[in-house]
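# Examining the three-dimensional arrangement
As a plain string of letters, each chain reads:
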Amino acid sequence: MLYLMIFLFSFFCVYQYDIKKKKVYQELSYRLLLLIAIGVAGCRCVVGGDTVRYMRYFEEYPSLSEVNIFSYALFDPLWLLLNSVIKTIWDNFFFFQFVHAILLNILLFYLIRKYSSYKFTVVFFYFSYLYLYYNMEILREVLAIAIFLYALHFYISENWGKYYLMVFFSFLFHSSAVVTFLIPLFRYVKYSYFKVFLLMLASVVIFNYLSPVLEVLMMNPMMAQKFELYKDASLNTNAKILHTLIYVFTPMLVIYINNTKLKNRNSWGNEFYMTYFFFASLSVGNTAIGNRFMNYIIPVLLLYYVDFLFLALKCCYFKKVKVLFFIIAVCMPLGLKFSSYFKDTSYAVPNTINYFRWFPYTNIWERNDVEQQQIIEERISYVDALMFYSD
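Nothing here was measured: the structure is a model prediction, and the numbers come from that model.

Let's shift gears to the packing of aromatic side chains. Applying the stated rule across the entire model yields 46 aromatic pairs. Ring plane angle 55 degrees and centroid distance 5.2 Å describe the contact between Phe7 and Phe124, whose orientation is recorded as tilted. A residue pair is termed long-range when its members are at least 10 positions apart, and Phe7 in helix α1 (residues 2-19) and Phe124 in helix α7 (residues 119-136) qualify at 117 residues. Given the relative accessible area of 3%, Phe124 is considered buried.

Here is the structure:
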């Protein structure tokens, strides 16, 4: 019920402020959405699969007085520092997750306001598509993603010194951010169908035949460990075809409409075409590695898609069917995401669905309630079983 209320309220804000262009209570509504984002993530109690792991990791992290040079060799430095500072203030994971929710969502809402003219629609997609994943799963990587998104300001203005300084900080939170050092290189590669085809071909060949070479190139033990874990996560042929249709050909269609029908070739998002297709091609060759890197570009893609959506609604080609177009354009990406929520996980625990990671929502205020304790215990066992089958 809580998730449905957030979904409906955020969609109501889209209708009121981005579609109807009303001004009354606009700022109040945006701040209320921010408070909801912080409150739901910050006050959860064992909600999210990776949250269970992070709760256990938090117990092992040293406080500031216990940190030494060897500690930073075992963990991403800024992530360890953040945990150590919070643990020194109050050795409680629930306090940590509340601070994490504040830092992440204040930065994301600030950046959404900064980069988009349709901030409520972006927030709606954020709640529907990214919120559970960002706030309750990839707690460490999402801070690296947020810093990268902040660095986009320097990317756009070509202030490369500040850009690389920021993405270096991003890398210190999560080693996957190494890919952000390469993103400016794709700015100067002109988008074409042929180049996308070459990227896909190269990705499939490398991950199927040259993975030992990639293993040698890993920069540190943590990256090497992750690569060892992910290197065999390839799709079968049918799944690769479906993945290509969804993540390569569909975006190509959007780009075609944007550049030809909408004449929107000067959008700042256009500079990320080849970056996106580089990551999408990686995900065709190796799902786990490609999707890990895709996490950095999906928020940029979301900003681009929302601008495309509203520009298309104003275009003469879509005026007669704009309601239908809007419904399809909104439901298509959400349908893909929601299908993952309803994935059957009976292979790990009989009669379970993937959404049990997040639903029912359990909170810190009622953690001593008998019914909620039972849900929490079942969720921990469920997540442990999923981890066992993923290893």
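For the structure shown, the criterion picks out nine salt bridges. With a shortest N-O distance of 3.2 Å, Glu27 and Arg31 are connected by a salt bridge. Placement of both Glu27 and Arg31 in helix α2 (residues 26-42) is noted, with a separation of four residues, approximately one turn of the helix. Classification of Arg31 as exposed rests on a relative accessible area of 53%.

Moving on to the environment of Phe109. On the secondary structure map, Phe109 appears in helix α6 (residues 93-115). Residue Phe109 is classed as buried on the basis of its relative accessible area of 2%. Along the sequence, Phe109 and Ala37 sit 72 residues apart, while their C-alpha atoms lie 9.6 Å from each other. Once residues within four sequence positions are removed from consideration, Phe109 is found in contact with Tyr30, Leu33, Leu34, Ala37, Val123, Tyr126 and Phe127.

A contiguous nonpolar patch, built from Leu64, Leu81, Val85, Ile89 and Trp90 and spanning about 470 Å² of accessible area, is present on the exposed surface. Tracing the backbone shows Ile89 in helix α5 (residues 77-89).

So, how was this worked out
Residues numbered from 1 in each chain as written. Predicted model: local features only at pLDDT ≥ 70, side-chain atom pairs only at ≥ 80, totals over all residues. Heavy atoms only, no water. Phe/Tyr/Trp six-rings, centres within 6.5 Å; stacked < 30°, edge-to-face > 60°. Helix = DSSP H or I, 4+ residues; strand = E, 2+ residues; numbered from the N terminus. Buried < 20%, exposed > 50% of the residue type's maximum accessible area, 1.4 Å probe, protein only. Salt bridge = Lys/Arg side-chain N within 4 Å of Asp/Glu carboxyl O. Contact = heavy atoms within 4.5 Å. Patch = residues over 30% accessible without salt bridge, like charges linked within 9 Å, V, L, I, M, F, W, Y side chains within 5 Å. Areas by Shrake-Rupley, 256 points an atom, 1.4 Å probe, with all protein chains shown as cover.

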